[in-house]
Structures are given as C-alpha cells and as structure tokens.
Amino acid sequence: MTIQPFTITIPQTALDDLRDRLARTRWPDELPGTGWSRGVPLGYLKELAEYWRTSYDWRVHEAKLNQFPQFTTEIDAQTIHFLHVRSPEPDALPLVLIHSWPGSIVEFMRMIGALTAATRPTPSTWSCRRFRASVSRYRCRK
C-alpha cells in the first residue's frame, strides 16, 4: 500500500466553467403551492445557485482544507482520501473519524484543533459522553 501526499487544487478553468454553467441554467416551471413537498422549491434553488455563482469563494475554502496534511492511498481498487493530523502529545490516543455519504471531511474541520491540542486530558475530563457531546456541538455549528 502506497500513501501519497495530496493537496486540493481545483483548476481555475473548472471554477470558471461552473460559474458559466450556473449562469446558463434553464430553470423549470414550479408547481404552485407545493413548497418542499415535491423537492427543493425553485426560488430556494435559484438563490443557492446565484450564491455559488457570484459569492462563494472556493479558494478560501480550498486554503482552509489544505491547512491539514492530506494523503491518498488505494484500498480494494478505490482511491481513499484522508487527513492525518497528529497530536503534539507523544502518547496521544489515536482517533479515527469517519464520515458517511453524503458527508465529507469538512464535517470535522472545527474539531481537529480541539482534538489535537497540546493538553493532557484525564478520563474525567474526556469521557465518551463528553466527547460525543463535543462532536455534536462542533458538527452543528454554522
């Protein structure tokens, strides 16, 4: 198994192409009065697409993601992307965080600093219950 360093680098041409395609979207008609019962309301979707087209700054988010050491490897013919962030504590307990579909490593971005901080937690300060509560709080913050 070979582990390779990885950096997220989306070509500017791909971002420009996305903006162009969003600008050219042909929007369907919407059934009146259906709200969310038949999918995403058209007004909400148009607002979201416009945000992605004109306001979302991918480069800011790409830089945040690239602050962490990233790698890829192949397991069972599948490319696996992962972060490997070490604690400064030499005897720190390894922790594996796994997301599900349609999640991503972005779900863990706010937790990594707290989990790798140079502190000496004790069983009373980092119980399983407290860890679960912390994870829930970090994942739910906007």
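What you are looking at is a predicted structure, and each value in this text was computed from that prediction instead of being measured.

> So what exactly am I meant to see when it comes to the environment of threonine 54 here?
Assignment of secondary structure puts threonine 54 in helix H2 (residues 42-54). Threonine 54 sits in the partly exposed class, given a relative accessible area of 47%. Sequence separation of threonine 54 and alanine 23 is 31 residues, and the distance between their C-alpha atoms is 9.5 Å. A polar side-chain atom of threonine 54 sits 2.8 Å from the main-chain carbonyl oxygen of glutamate 50. Engagement of the side chain of threonine 54 in a polar contact is seen with the side chain of serine 55, the distance being 3.4 Å.

> When you look at the sheet that holds strand E3 (residues 78-83) in this model, what are you seeing that I'm missing?
Backbone-to-backbone hydrogen bonds pair the strands of a sheet. The strands run either parallel or antiparallel. With antiparallel pairing, the 3 strands of this open sheet are ordered in space as E1-E2-E3. Of all the strands in the sheet, just strand E1 (4-6) and E3 have a single pairing partner and so form its edges. The mean angle between the axes of side-by-side strands here comes to 40°, regardless of whether they run parallel or antiparallel. Pairing geometry for E1 and strand E2 (residues 70-75), over 3 bridges, is antiparallel.

> Could you clarify how one ought to interpret the packing of aromatic side chains in this entry?
Two descriptors summarise a pair of aromatic rings, namely the distance from one centre to the other and the angle between the planes of the rings. Counted according to the given criterion, the structure contains 4 aromatic pairs. Here tyrosine 51 and tyrosine 56 contribute two aromatic rings whose centre-to-centre distance is 6.0 Å and whose plane-to-plane angle is 70°, an arrangement assigned as edge-to-face. By relative accessible area, tyrosine 51 is classed as partly exposed at 39%. Where tryptophan 52 meets tyrosine 56, the ring centres are 4.3 Å apart and the plane angle is 25°; that geometry is what we call stacked. Residue tryptophan 52 is classed as partly exposed on the basis of its relative accessible area of 37%.

> Help me out: how do you make sense of a nonpolar patch on the surface in this one?
On the surface, Leu18, Trp27, Trp36, Val40, Tyr44, Leu45, Leu48, Tyr51 and Trp52 cluster together to form a nonpolar patch covering roughly 850 Å² of accessible area. Considering every element that reaches the nonpolar patch, the biggest residue donor is H2, with 5 residues. Among the structural elements, leucine 48 can be located in helix H2. For leucine 48, a relative accessible area of 35% corresponds to the partly exposed category.

Definitions and cut-offs
Residues numbered from 1 in each chain as written. Predicted model: local features only at pLDDT ≥ 70, side-chain atom pairs only at ≥ 80, totals over all residues. Heavy atoms only, no water. Helix = DSSP H or I, 4+ residues; strand = E, 2+ residues; numbered from the N terminus. Buried < 20%, exposed > 50% of the residue type's maximum accessible area, 1.4 Å probe, protein only. Polar contact = N/O pair within 3.5 Å; in protein donor to acceptor, adjacent residues only side chain to side chain. Pairing = 2+ DSSP bridges. Axes fitted to C-alpha atoms, helices over the stretch in contact; angles between N-to-C directions. Phe/Tyr/Trp six-rings, centres within 6.5 Å; stacked < 30°, edge-to-face > 60°. Patch = residues over 30% accessible without salt bridge, like charges linked within 9 Å, V, L, I, M, F, W, Y side chains within 5 Å. Areas by Shrake-Rupley, 256 points an atom, 1.4 Å probe, with all protein chains shown as cover. Salt bridge = Lys/Arg side-chain N within 4 Å of Asp/Glu carboxyl O.

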